[in-house]
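Analysis of the macromolecular model
The primary structure of each chain is shown beneath.
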Amino acid sequence: MDIPPEEQLSLEEKIKIVTGFLLDSPPGEVDDVFNDLRILMNDDAAFQAGILSALEEYNTEQFITAALPGHDHQVIVSRYGQLEPDFFIDPRSHLTFKFDHLRQRVIEVKPHELDEESEPIRGAIDSAIQEFVSDHYPTGVVTVYAKDQKVTIAIVNNKYNPENLWNGRWRSVWHISPESGEIKGSIKVNVHYFEDGNVQLNCNKDFEAIITTSLDDHNLAAAAYVKQISKSEHEFQTSLIEAYSELADNTFKSLRRALPMTRHKLDWDKIMNYKIKEELLKK
């Protein structure tokens, strides 16, 4: 049925709708969402032009990772390392790179001069946190930035298991002020389970602490910061495990009976057969 012109959506309204869907894409599924929206939009040129800013927002907020040519480590694409609209910094290799948000790949690399005053503490924290991430996250990636006498640590770990119908992502950000010893952080977890349904877990938690350490020994200070990060992330993970154990053991059980009032399980296949039989008898 044709839709009357006055009821049809404008191009701006369509872009707004598809942008919302794209920004809500579960971990590891943005390409699938993108391709489905592209078909629904049915205007490839307008779609790609209108969706580009949303892709940039998604990639930087979700800590999409990139590999620079000639380097064996991954770097996080995030607003903490964004220099220009499409240029980002990899502090570990002292490089900047241009990132194609549509194809999610590096297309240009240039040398970059780091802040000499902040680099010693940044480098010490980078070395310490790399060891922590490799010990605790199977596919974890960490990038450490320094700006205006402050250090920012970005961590991401993705676990994609579409064969078993679930995907997940862990993101954490830690802001450190070496002068005051203040450390502030936030952790975000998103898991999508889609077997016979569509269930998402989204949770986050903020942390604050003051670390007393020597400003003269960067390695000692870095170890103290990483110890606090390890403690906070462990507490968060433990609280998640305890909360969902309680949910499974008690909360769900209180929501409904274990069995119907007949004290027998329902045989849904048999009920369907009865329904089909009734329909045949009516005919």
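First things first, this report covers the structure right here in the doc. Not measured: the values here are computed from a predicted model.

1. Some details on the overall build of the protein
Helix and strand counts for the protein come out as six helices and ten strands. Taken across its 283 residues, the protein has 36% of its residues classed as buried. Within the protein, contacts between residues separated by at least 24 positions form 46% of all contacts whose residues are at least 6 apart in sequence. Taken as a whole, the protein presents about 18,100 Å² of accessible surface, with 51% of it coming from carbon and sulfur.

2. A short note on the sheet that holds strand β5 (residues 105–111)
Strands pair in a sheet through their backbones, by hydrogen bonds, and they do so in one of two ways: parallel or antiparallel. Strands sit in the order β3-β4-β5 across an open sheet of three strands; the sheet is antiparallel. One side of each edge strand has no neighbouring strand; the edge strands of this open sheet are β3 (87–90) and β5. The mean angle between the axes of side-by-side strands here comes to 35°, regardless of whether they run parallel or antiparallel. Relative to strand β4 (residues 95–100), β3 runs antiparallel, the two sharing four bridges. Along β4, the bridge assignment pairs Asp-90 with Leu-95.

3. Side note on the packing of aromatic side chains
Counted under the stated rule, the structure contains six aromatic pairs. Taking the centre distance of 6.1 Å and the plane angle of 80° together, the rings of Phe-132 and Tyr-137 count as edge-to-face. Residue classification places Tyr-137 among the buried residues on the basis of a relative accessible area of 10%. Three or more aromatic residues joined by ring pairs form one cluster here, namely Phe-132, Tyr-137, Trp-170 and Phe-236.

4. Topic: the environment of Phe-236
One can find Phe-236 in helix α5 (residues 218–255). C-alpha of Phe-236 to C-alpha of Phe-207: the two residues are 29 residues apart in sequence and 9.8 Å apart in space.

Conventions adopted
Residue numbers run consecutively from 1 along every chain, following the written order of its sequence. Since the coordinates come from a predicted model, pLDDT governs what is reported: local features require at least 70, and pairs of side-chain atoms require 80 or more to be given and counted, while whole-chain, interface and lining totals use all residues. Values reported for side chains reflect all heavy atoms of the structure, with hydrogen atoms and water molecules removed beforehand. Where helices and strands are cited, they refer to DSSP runs of H or I of at least four residues and of E of at least two residues respectively, numbered from the N terminus. Residue burial is assigned from relative accessible area. The probe radius is 1.4 Å, only protein chains are included, and a residue is buried under 20% of its type maximum, exposed over 50%, and partly exposed in between. Here, residues are in contact when the closest pair of their heavy atoms is within 4.5 Å. In short, Shrake-Rupley with a 1.4 Å probe defines the accessible areas, and a residue's cover is counted only from the protein chains shown. Think of it this way: DSSP has to see at least two bridges between two strands before they count as a pair. To define axes, lines are fitted to C-alpha atoms, for helices over the stretch in contact only, and angles between the resulting N-to-C directions are given on a 0 to 180 degree scale. Only Phe, Tyr and Trp rings are paired, with Trp represented by its six-membered ring, and only when their centres lie within 6.5 Å; those with planes under 30 degrees apart are stacked, over 60 edge-to-face, the remainder tilted.

These figures capture arrangement, not role.
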